[in-house]
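Results of the structural survey
Residues per chain, in single letters:
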Number of protein chains: 2
Amino acid sequence: MDTPERLIQSTRELLWERGYTGTSPKAILQRSGVGQGSMYHHFSGKPDLALAAIRRTAEEMRAKAEEQFSEPGTALERITAYLRRERDVLRGCPIGRLTQDPDIVASPALRQPVDETFGRLRQRLAEVLTEGRQRGEIASALDPASTAATIVAVLQGGYVLARAADSTEPFDQAVDGILVLLAQGAR
Amino acid sequence: MDTPERLIQSTRELLWERGYTGTSPKAILQRSGVGQGSMYHHFSGKPDLALAAIRRTAEEMRAKAEEQFSEPGTALERITAYLRRERDVLRGCPIGRLTQDPDIVASPALRQPVDETFGRLRQRLAEVLTEGRQRGEIASALDPASTAATIVAVLQGGYVLARAADSTEPFDQAVDGILVLLAQGAR
(Lines give C-alpha, C1' and ligand atoms only; values in the text may rest on other atoms or scores of the structure.)
Protein backbone atom coordinates (compact mmCIF):
# COMPACT_ATOMS: atom_id res chain seq x y z
CA MET A 1 0.00 0.00 0.00
CA ASP A 2 1.30 3.46 -0.81
CA THR A 3 1.33 6.28 1.73
CA PRO A 4 -2.00 8.02 0.85
CA GLU A 5 -3.69 4.62 0.84
CA ARG A 6 -2.28 3.72 4.26
CA LEU A 7 -3.49 7.05 5.63
CA ILE A 8 -6.97 6.56 4.17
CA GLN A 9 -7.33 3.02 5.51
CA SER A 10 -6.16 4.01 9.01
CA THR A 11 -8.53 6.98 9.02
CA ARG A 12 -11.45 4.78 7.94
CA GLU A 13 -10.78 2.38 10.82
CA LEU A 14 -10.43 5.17 13.37
CA LEU A 15 -13.56 7.00 12.18
CA TRP A 16 -15.51 3.76 12.54
CA GLU A 17 -14.11 2.98 15.98
CA ARG A 18 -13.88 6.42 17.56
CA GLY A 19 -15.71 8.88 15.32
CA TYR A 20 -14.39 12.13 13.92
CA THR A 21 -14.13 14.08 17.18
CA GLY A 22 -12.41 11.11 18.83
CA THR A 23 -9.82 10.72 16.06
CA SER A 24 -6.70 12.88 16.38
CA PRO A 25 -4.16 13.45 13.60
CA LYS A 26 -1.66 11.86 16.01
CA ALA A 27 -3.73 8.67 16.21
CA ILE A 28 -3.86 8.50 12.40
CA LEU A 29 -0.07 8.86 12.19
CA GLN A 30 0.42 6.15 14.82
CA ARG A 31 -1.99 3.69 13.21
CA SER A 32 -0.68 4.25 9.67
CA GLY A 33 2.99 4.46 10.58
CA VAL A 34 3.25 7.51 8.31
CA GLY A 35 5.27 10.55 9.32
CA GLN A 36 3.68 13.95 9.92
CA GLY A 37 5.44 15.67 7.02
CA SER A 38 4.31 12.95 4.66
CA MET A 39 0.69 13.20 5.84
CA TYR A 40 0.58 16.95 5.22
CA HIS A 41 2.24 16.44 1.86
CA HIS A 42 -0.72 14.30 0.70
CA PHE A 43 -3.61 15.84 2.66
CA SER A 44 -4.17 19.38 3.86
CA GLY A 45 -5.32 18.18 7.27
CA LYS A 46 -7.74 15.98 9.20
CA PRO A 47 -10.90 17.23 7.39
CA ASP A 48 -9.35 16.55 3.96
CA LEU A 49 -8.21 13.07 4.97
CA ALA A 50 -11.53 12.29 6.66
CA LEU A 51 -13.38 13.30 3.48
CA ALA A 52 -11.29 10.87 1.40
CA ALA A 53 -11.89 8.13 4.01
CA ILE A 54 -15.66 8.73 4.20
CA ARG A 55 -15.97 8.76 0.41
CA ARG A 56 -14.16 5.43 0.18
CA THR A 57 -16.37 3.83 2.84
CA ALA A 58 -19.49 5.23 1.17
CA GLU A 59 -18.48 3.82 -2.23
CA GLU A 60 -17.91 0.35 -0.76
CA MET A 61 -21.22 0.44 1.10
CA ARG A 62 -23.07 1.42 -2.05
CA ALA A 63 -21.41 -1.32 -4.12
CA LYS A 64 -22.22 -3.96 -1.49
CA ALA A 65 -25.89 -2.92 -1.35
CA GLU A 66 -26.08 -3.02 -5.14
CA GLU A 67 -25.04 -6.69 -5.07
CA GLN A 68 -28.29 -7.58 -3.29
CA PHE A 69 -30.52 -5.05 -5.05
CA SER A 70 -29.52 -6.30 -8.49
CA GLU A 71 -29.95 -10.00 -7.68
CA PRO A 72 -32.68 -11.95 -9.43
CA GLY A 73 -35.77 -12.71 -7.33
CA THR A 74 -38.78 -10.86 -5.99
CA ALA A 75 -38.54 -7.44 -4.37
CA LEU A 76 -39.04 -9.04 -0.97
CA GLU A 77 -36.30 -11.60 -1.63
CA ARG A 78 -33.87 -8.87 -2.60
CA ILE A 79 -34.76 -6.71 0.41
CA THR A 80 -34.45 -9.77 2.66
CA ALA A 81 -31.00 -10.53 1.19
CA TYR A 82 -29.98 -6.94 1.80
CA LEU A 83 -31.21 -6.78 5.39
CA ARG A 84 -30.01 -10.26 6.36
CA ARG A 85 -26.62 -10.09 4.69
CA GLU A 86 -23.72 -10.74 7.04
CA ARG A 87 -22.87 -7.59 8.94
CA ASP A 88 -20.61 -6.68 11.81
CA VAL A 89 -23.67 -5.45 13.68
CA LEU A 90 -22.00 -4.57 16.98
CA ARG A 91 -19.47 -2.33 15.23
CA GLY A 92 -22.37 -0.31 13.88
CA CYS A 93 -22.63 1.39 10.51
CA PRO A 94 -19.44 3.27 9.53
CA ILE A 95 -21.54 5.88 7.71
CA GLY A 96 -24.51 6.11 10.09
CA ARG A 97 -22.31 6.58 13.15
CA LEU A 98 -20.88 9.77 11.60
CA THR A 99 -24.25 11.51 12.02
CA GLN A 100 -23.60 11.58 15.78
CA ASP A 101 -20.43 13.56 15.25
CA PRO A 102 -21.23 17.26 15.70
CA ASP A 103 -18.18 18.26 13.63
CA ILE A 104 -19.37 16.13 10.68
CA VAL A 105 -22.94 17.40 10.79
CA ALA A 106 -21.74 21.01 11.06
CA SER A 107 -19.51 20.68 7.98
CA PRO A 108 -21.39 20.71 4.64
CA ALA A 109 -18.39 19.06 2.93
CA LEU A 110 -18.11 16.17 5.40
CA ARG A 111 -21.87 15.66 5.71
CA GLN A 112 -22.33 15.54 1.93
CA PRO A 113 -21.09 11.95 1.28
CA VAL A 114 -23.07 10.72 4.31
CA ASP A 115 -26.27 12.34 3.05
CA GLU A 116 -25.65 11.15 -0.50
CA THR A 117 -25.12 7.55 0.67
CA PHE A 118 -28.46 7.41 2.45
CA GLY A 119 -30.20 9.29 -0.35
CA ARG A 120 -28.93 6.82 -2.93
CA LEU A 121 -29.83 3.84 -0.72
CA ARG A 122 -33.37 5.11 -0.26
CA GLN A 123 -33.72 5.73 -3.98
CA ARG A 124 -32.55 2.22 -4.92
CA LEU A 125 -34.83 0.63 -2.35
CA ALA A 126 -37.74 2.72 -3.67
CA GLU A 127 -36.98 1.40 -7.17
CA VAL A 128 -36.96 -2.21 -5.93
CA LEU A 129 -40.27 -1.57 -4.10
CA THR A 130 -41.82 0.06 -7.19
CA GLU A 131 -40.90 -2.98 -9.27
CA GLY A 132 -42.30 -5.26 -6.56
CA ARG A 133 -45.55 -3.31 -6.48
CA GLN A 134 -45.93 -3.57 -10.24
CA ARG A 135 -45.49 -7.33 -10.00
CA GLY A 136 -47.87 -7.64 -7.05
CA GLU A 137 -45.11 -8.75 -4.68
CA ILE A 138 -45.62 -5.71 -2.46
CA ALA A 139 -48.96 -4.22 -1.37
CA SER A 140 -50.06 -1.38 -3.61
CA ALA A 141 -50.96 0.67 -0.50
CA LEU A 142 -47.26 1.09 0.26
CA ASP A 143 -45.64 4.27 -0.95
CA PRO A 144 -42.19 3.29 -2.28
CA ALA A 145 -40.40 6.44 -1.06
CA SER A 146 -41.63 6.35 2.53
CA THR A 147 -41.37 2.56 2.78
CA ALA A 148 -37.77 2.82 1.57
CA ALA A 149 -37.01 5.42 4.26
CA THR A 150 -38.56 3.06 6.83
CA ILE A 151 -36.36 0.15 5.72
CA VAL A 152 -33.15 2.21 5.88
CA ALA A 153 -34.22 3.56 9.28
CA VAL A 154 -34.82 0.02 10.60
CA LEU A 155 -31.29 -0.92 9.62
CA GLN A 156 -29.71 2.18 11.16
CA GLY A 157 -31.86 1.96 14.29
CA GLY A 158 -31.15 -1.77 14.52
CA TYR A 159 -27.46 -0.96 14.87
CA VAL A 160 -28.26 1.54 17.63
CA LEU A 161 -30.33 -1.02 19.57
CA ALA A 162 -27.70 -3.75 19.12
CA ARG A 163 -24.93 -1.53 20.42
CA ALA A 164 -27.08 -0.49 23.39
CA ALA A 165 -27.74 -4.16 24.24
CA ASP A 166 -24.24 -5.37 23.31
CA SER A 167 -26.09 -8.08 21.40
CA THR A 168 -27.25 -8.59 17.82
CA GLU A 169 -30.66 -9.79 19.08
CA PRO A 170 -32.58 -6.47 18.81
CA PHE A 171 -31.12 -5.89 15.33
CA ASP A 172 -32.35 -9.32 14.21
CA GLN A 173 -35.75 -8.71 15.81
CA ALA A 174 -36.16 -5.34 14.10
CA VAL A 175 -35.28 -6.92 10.73
CA ASP A 176 -37.67 -9.84 11.32
CA GLY A 177 -40.41 -7.34 12.18
CA ILE A 178 -40.03 -5.20 9.06
CA LEU A 179 -39.90 -8.26 6.78
CA VAL A 180 -43.19 -9.61 8.18
CA LEU A 181 -44.74 -6.15 7.74
CA LEU A 182 -43.51 -5.90 4.14
CA ALA A 183 -44.79 -9.37 3.28
CA GLN A 184 -48.26 -8.67 4.64
CA GLY A 185 -49.91 -7.08 1.68
CA ALA A 186 -48.36 -9.20 -1.08
CA ARG A 187 -50.81 -10.85 -3.44
CA MET B 1 -30.51 25.02 41.16
CA ASP B 2 -28.01 23.57 43.60
CA THR B 3 -24.49 22.61 42.56
CA PRO B 4 -25.00 18.86 41.81
CA GLU B 5 -28.10 19.75 39.80
CA ARG B 6 -26.22 22.38 37.77
CA LEU B 7 -23.49 19.85 37.05
CA ILE B 8 -26.00 17.20 35.98
CA GLN B 9 -27.90 19.56 33.67
CA SER B 10 -24.71 20.85 32.02
CA THR B 11 -23.45 17.29 31.53
CA ARG B 12 -26.76 16.25 29.97
CA GLU B 13 -26.56 19.08 27.46
CA LEU B 14 -22.93 18.38 26.59
CA LEU B 15 -23.49 14.63 26.21
CA TRP B 16 -26.35 15.36 23.83
CA GLU B 17 -24.37 17.91 21.81
CA ARG B 18 -20.90 16.41 21.81
CA GLY B 19 -21.12 12.86 23.18
CA TYR B 20 -19.12 11.36 26.00
CA THR B 21 -15.72 11.32 24.30
CA GLY B 22 -16.23 14.92 23.16
CA THR B 23 -17.15 16.17 26.65
CA SER B 24 -14.23 17.16 28.86
CA PRO B 25 -14.48 17.79 32.63
CA LYS B 26 -13.27 21.30 31.79
CA ALA B 27 -16.24 21.88 29.45
CA ILE B 28 -18.62 20.73 32.20
CA LEU B 29 -17.06 23.17 34.66
CA GLN B 30 -17.30 26.02 32.14
CA ARG B 31 -20.91 25.33 31.21
CA SER B 32 -22.08 24.85 34.80
CA GLY B 33 -20.00 27.63 36.32
CA VAL B 34 -19.04 25.23 39.11
CA GLY B 35 -15.49 25.07 40.47
CA GLN B 36 -13.31 21.99 40.08
CA GLY B 37 -13.09 21.29 43.83
CA SER B 38 -16.85 21.47 44.13
CA MET B 39 -17.35 19.08 41.20
CA TYR B 40 -15.05 16.48 42.75
CA HIS B 41 -16.75 16.96 46.10
CA HIS B 42 -20.08 15.82 44.59
CA PHE B 43 -18.92 13.38 41.91
CA SER B 44 -15.89 11.10 41.75
CA GLY B 45 -15.22 12.09 38.14
CA LYS B 46 -16.59 12.31 34.60
CA PRO B 47 -17.95 8.70 34.50
CA ASP B 48 -19.83 9.20 37.78
CA LEU B 49 -21.33 12.50 36.64
CA ALA B 50 -22.16 11.11 33.19
CA LEU B 51 -23.97 8.19 34.81
CA ALA B 52 -26.14 10.57 36.85
CA ALA B 53 -26.82 12.64 33.71
CA ILE B 54 -27.70 9.62 31.54
CA ARG B 55 -30.00 8.21 34.23
CA ARG B 56 -31.85 11.51 34.44
CA THR B 57 -32.28 11.75 30.66
CA ALA B 58 -33.44 8.12 30.53
CA GLU B 59 -36.04 8.70 33.24
CA GLU B 60 -37.47 11.71 31.41
CA MET B 61 -37.56 9.85 28.09
CA ARG B 62 -39.40 6.96 29.68
CA ALA B 63 -41.94 9.23 31.40
CA LYS B 64 -42.62 11.11 28.14
CA ALA B 65 -43.16 7.87 26.21
CA GLU B 66 -45.53 6.64 28.91
CA GLU B 67 -47.73 9.70 28.36
CA GLN B 68 -48.56 8.47 24.85
CA PHE B 69 -48.63 4.75 25.65
CA SER B 70 -51.14 5.20 28.46
CA GLU B 71 -53.49 7.45 26.46
CA PRO B 72 -56.95 6.17 25.58
CA GLY B 73 -57.41 5.07 21.95
CA THR B 74 -56.46 2.15 19.77
CA ALA B 75 -52.97 0.68 19.73
CA LEU B 76 -52.33 2.35 16.39
CA GLU B 77 -53.50 5.73 17.71
CA ARG B 78 -51.18 5.48 20.69
CA ILE B 79 -48.22 4.40 18.56
CA THR B 80 -48.99 7.23 16.11
CA ALA B 81 -49.09 9.73 18.99
CA TYR B 82 -45.76 8.40 20.22
CA LEU B 83 -44.02 8.51 16.84
CA ARG B 84 -45.52 11.84 15.76
CA ARG B 85 -45.08 13.66 19.04
CA GLU B 86 -43.09 16.87 18.77
CA ARG B 87 -39.38 16.08 18.81
CA ASP B 88 -36.21 18.01 18.24
CA VAL B 89 -35.38 15.60 15.41
CA LEU B 90 -32.20 17.27 14.18
CA ARG B 91 -30.66 17.16 17.64
CA GLY B 92 -31.07 13.39 17.56
CA CYS B 93 -31.91 11.13 20.49
CA PRO B 94 -29.94 11.93 23.65
CA ILE B 95 -29.92 8.24 24.60
CA GLY B 96 -29.47 6.67 21.15
CA ARG B 97 -26.53 8.90 20.25
CA LEU B 98 -24.60 7.47 23.23
CA THR B 99 -24.38 4.09 21.49
CA GLN B 100 -21.89 5.66 19.04
CA ASP B 101 -19.59 6.53 21.92
CA PRO B 102 -16.97 3.78 22.23
CA ASP B 103 -16.30 4.71 25.87
CA ILE B 104 -20.00 4.30 26.75
CA VAL B 105 -20.38 0.97 24.97
CA ALA B 106 -17.16 -0.34 26.57
CA SER B 107 -18.36 0.53 30.08
CA PRO B 108 -21.00 -1.84 31.49
CA ALA B 109 -22.02 0.81 34.05
CA LEU B 110 -22.57 3.58 31.47
CA ARG B 111 -24.17 1.29 28.88
CA GLN B 112 -26.63 -0.13 31.43
CA PRO B 113 -29.12 2.81 31.54
CA VAL B 114 -28.99 3.08 27.73
CA ASP B 115 -29.78 -0.61 27.32
CA GLU B 116 -32.47 -0.50 29.99
CA THR B 117 -34.18 2.47 28.33
CA PHE B 118 -34.51 0.71 24.98
CA GLY B 119 -35.44 -2.58 26.67
CA ARG B 120 -38.25 -0.89 28.59
CA LEU B 121 -39.44 1.00 25.49
CA ARG B 122 -39.60 -2.21 23.46
CA GLN B 123 -41.45 -3.97 26.26
CA ARG B 124 -44.07 -1.22 26.59
CA LEU B 125 -44.59 -1.09 22.82
CA ALA B 126 -44.96 -4.88 22.75
CA GLU B 127 -47.65 -4.57 25.44
CA VAL B 128 -49.52 -1.94 23.42
CA LEU B 129 -49.25 -4.16 20.31
CA THR B 130 -50.46 -7.24 22.21
CA GLU B 131 -53.52 -5.29 23.39
CA GLY B 132 -54.10 -4.06 19.83
CA ARG B 133 -53.86 -7.58 18.48
CA GLN B 134 -56.40 -8.85 21.00
CA ARG B 135 -58.80 -6.10 19.94
CA GLY B 136 -58.21 -6.72 16.22
CA GLU B 137 -56.58 -3.30 15.73
CA ILE B 138 -53.29 -4.90 14.69
CA ALA B 139 -52.85 -7.89 12.36
CA SER B 140 -52.54 -11.15 14.28
CA ALA B 141 -49.59 -12.14 12.04
CA LEU B 142 -47.44 -9.51 13.74
CA ASP B 143 -45.25 -10.71 16.58
CA PRO B 144 -45.42 -8.00 19.28
CA ALA B 145 -41.76 -8.32 20.37
CA SER B 146 -40.20 -8.07 16.92
CA THR B 147 -42.68 -5.43 15.73
CA ALA B 148 -41.84 -3.36 18.82
CA ALA B 149 -38.11 -3.64 18.03
CA THR B 150 -38.90 -2.49 14.48
CA ILE B 151 -40.80 0.57 15.71
CA VAL B 152 -38.02 1.65 18.09
CA ALA B 153 -35.47 1.06 15.32
CA VAL B 154 -37.47 3.24 12.88
CA LEU B 155 -37.37 6.06 15.40
CA GLN B 156 -33.65 5.74 16.10
CA GLY B 157 -32.80 5.26 12.43
CA GLY B 158 -35.07 8.17 11.53
CA TYR B 159 -32.90 10.44 13.67
CA VAL B 160 -29.78 9.14 11.88
CA LEU B 161 -31.28 9.85 8.43
CA ALA B 162 -32.52 13.30 9.48
CA ARG B 163 -29.11 14.32 10.79
CA ALA B 164 -27.45 13.02 7.62
CA ALA B 165 -29.85 15.09 5.48
CA ASP B 166 -29.93 18.09 7.84
CA SER B 167 -33.69 17.88 7.38
CA THR B 168 -36.58 16.27 9.25
CA GLU B 169 -37.99 14.95 5.95
CA PRO B 170 -36.50 11.41 6.03
CA PHE B 171 -37.56 11.04 9.69
CA ASP B 172 -41.14 11.96 8.77
CA GLN B 173 -41.06 9.62 5.77
CA ALA B 174 -39.78 6.70 7.85
CA VAL B 175 -42.55 7.30 10.41
CA ASP B 176 -45.21 7.58 7.68
CA GLY B 177 -43.94 4.31 6.21
CA ILE B 178 -44.09 2.30 9.42
CA LEU B 179 -47.56 3.62 10.29
CA VAL B 180 -48.95 2.51 6.90
CA LEU B 181 -47.31 -0.90 7.38
CA LEU B 182 -48.78 -1.26 10.88
CA ALA B 183 -52.26 -0.27 9.73
CA GLN B 184 -52.27 -2.78 6.87
CA GLY B 185 -53.48 -5.87 8.63
CA ALA B 186 -56.03 -4.29 10.97
CA ARG B 187 -59.52 -5.76 10.81
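Residues numbered from 1 in each chain as written. Chains lettered and ligands numbered in written order. Predicted model: local features only at pLDDT ≥ 70, side-chain atom pairs only at ≥ 80, totals over all residues. Heavy atoms only, no water.

Naming follows an unreviewed UniProt entry, where chain A appears as TetR/AcrR family transcriptional regulator of Actinacidiphila oryziradicis.

**Some remarks on the pattern of salt bridges**
Basically, it comes down to this: What counts as a salt bridge is simple: a side-chain nitrogen of Lys or Arg found within 4 Å of a carboxyl oxygen of Asp or Glu. Elements are defined by DSSP. Helices are runs of H or I of four residues or more, strands are runs of E of two residues or more, and each kind is numbered from the N terminus. A simple rule labels every residue: compare its accessible area, found with a 1.4 Å probe on the protein chains alone, to the largest value its type can have, and call it buried under 20%, exposed over 50%, or partly exposed in between.
Tallied over the full model, the rule gives 30 salt bridges over all chains. The salt bridge partner of A:Glu116 is A:Arg62, with a shortest N-O separation of 2.8 Å. Here A:Arg62 lies in helix H4 (residues 46-69) and A:Glu116 lies in helix H7 (residues 108-134), a separation of 54 residues in the sequence. The class of A:Glu116 is partly exposed, set by a relative accessible area of 38%. Salt-bridge contacts for B:Glu169 lead to A:Arg122; the nearest nitrogen and oxygen are separated by 3.5 Å. With B:Glu169 in helix H9 (residues 169-183) and A:Arg122 in helix H7, the pair connects residues from two separate chains. The exposure class of B:Glu169 is partly exposed, given its relative accessible area of 39%. Linked through salt bridges whose partners overlap, the residues forming this network are A:Arg78, A:Glu131, A:Arg135 and A:Glu137.

**A look at the packing of aromatic side chains**
Residue and element names in this part refer to chain B. Basically, it comes down to this: Here a Phe, Tyr or Trp ring, Trp counted by its six-membered ring, pairs with any other such ring whose centre lies within 6.5 Å, and the pair is stacked when the planes are under 30 degrees apart, edge-to-face when over 60, and tilted otherwise.
Scanning the entire structure with this criterion turns up 4 aromatic pairs over all chains. With centroids separated by 4.8 Å and ring planes inclined at 50 degrees, the aromatic side chains of Phe69 and Tyr82 adopt a geometry described as tilted. Taken as a pair, Phe69 in helix H4 (residues 46-69) and Tyr82 in helix H5 (residues 75-84) lie far apart in primary sequence, 13 residues in all. For Tyr82, a relative accessible area of 3% corresponds to the buried category.

**Focus on the packing of helix H8 (residues 144-165) of chain A against helix H7 (residues 108-134) of chain B**
Note the cut-off: Working convention: axes come from line fits to C-alpha atoms, limited for helices to the stretch in contact. Angles between N-to-C directions cover 0 to 180 degrees. Our angle categories are set so that under 35 degrees counts as roughly parallel, over 145 as roughly antiparallel, 65 to 115 as roughly perpendicular, and the remainder as oblique. Crossings are assigned a handedness: left-handed for a near helix turned anticlockwise from the far helix by less than a right angle, right-handed for a clockwise turn. Here a residue-residue contact requires only that any non-hydrogen atoms of the pair lie within 4.5 Å. Gly is placed with the polar residues, together with every amino acid not listed as nonpolar (Ala, Val, Leu, Ile, Met, Phe, Trp, Tyr, Cys and Pro) or charged (Asp, Glu, Lys and Arg).
Between H8(A) and H7(B), the shortest axis-to-axis distance is 8 Å and the interhelical angle comes to 125 degrees. Regarding the angle of H8(A) to H7(B), the classification is oblique. Between H8(A) and H7(B) lies a crossing of left-handed hand. Judged by residue contacts, A:Val160, A:Leu161, A:Arg163, A:Ala164 and A:Ala165 of H8(A) engage B:Arg111, B:Val114, B:Asp115, B:Phe118 and B:Arg122 from H7(B). When its residues are assigned to classes, the contact of H8(A) with H7(B) shows 6 nonpolar, no polar and 4 charged.

**Description of the relation of the copies chain B and chain A**
Note the following rule: The copies are overlaid by a least-squares fit using only the C-alpha atoms of residues whose pLDDT is at least 70 in both copies.
Rotating chain B by 180 degrees about the axis while translating it 0.0 Å along that axis superimposes it on chain A, leaving an RMSD of 0.0 Å. Each copy turns onto its partner about a two-fold axis. Ranked by how close their C-alpha atoms come to the rotation axis, the residues of chain B are headed by B:Gly157, at 1.9 Å.

**A few points about the UniProt feature "DNA-binding region" (unreviewed entry) in chain A**
Here is the rule we go by: UniProt positions are given in the numbering used here, feature names are shortened, and annotations may be inferred rather than shown by experiment.
When the UniProt feature table is mapped onto this chain, "DNA-binding region" (unreviewed entry) is found at residues 24-43 of chain A. Strand forms 0% of residues 24-43 of chain A and helix 75%; the C-alpha atoms that close the span are 14 Å apart.

**Side note on unusual backbone geometry**
The phi dihedral of A:Asp166 is positive, around 50 degrees, even though this residue is not glycine. If you trace the backbone, A:Asp166 turns up in the loop between H8 and helix H9 (169-183).

**What about the interface of chain B and chain A?**
Worth spelling out the cut-off: Values labelled buried area give the accessible surface lost by two parts on being combined, using a 1.4 Å probe and summing over both. Polar contact is the term for a pair of N or O atoms within 3.5 Å; when the atoms are in protein, one must be able to donate a hydrogen and the other to accept it, and sequence-neighboring residues count only if both atoms are side-chain atoms.
Across the contact, 48 residues belong to chain B and 48 residues belong to chain A. Here chain B packs against chain A, burying approximately 4,000 Å² in sum over the two surfaces, 62% of which is carbon and sulfur. Broken down residue by residue, the surface that chain B buries against chain A is led by B:Gln100, B:Arg163 and B:Leu181, which jointly contribute 17%. Between A:Asp103 and B:Arg18 there is a salt bridge, with the nearest N and O atoms lying 3.6 Å from each other. The tally of links from chain B across to chain A stands at 14 residue pairs in polar contact (both at pLDDT 80 or more). Within the residue set of the side of chain B that touches chain A, elements represented by two or more residues are helix H1 (3-18), helix H6 (102-105), H7, helix H8 (144-165) and H9 of chain B.

**Things to note about the nonpolar core**
How we decide: Residues enter a nonpolar core if they are buried and are Ala, Val, Leu, Ile, Met, Phe, Trp, Tyr or Cys, with the set joined through side-chain atoms within 4.5 Å.
Core analysis: the largest hydrophobic core is formed by 100 residues, its most contacted members being A:Ile178 and B:Ile178. Discounting chain neighbours no more than four positions away, the residues touching A:Ile178 are A:Leu83, A:Thr150, A:Ile151, A:Val154, B:Thr150, B:Ile178 and B:Leu181.

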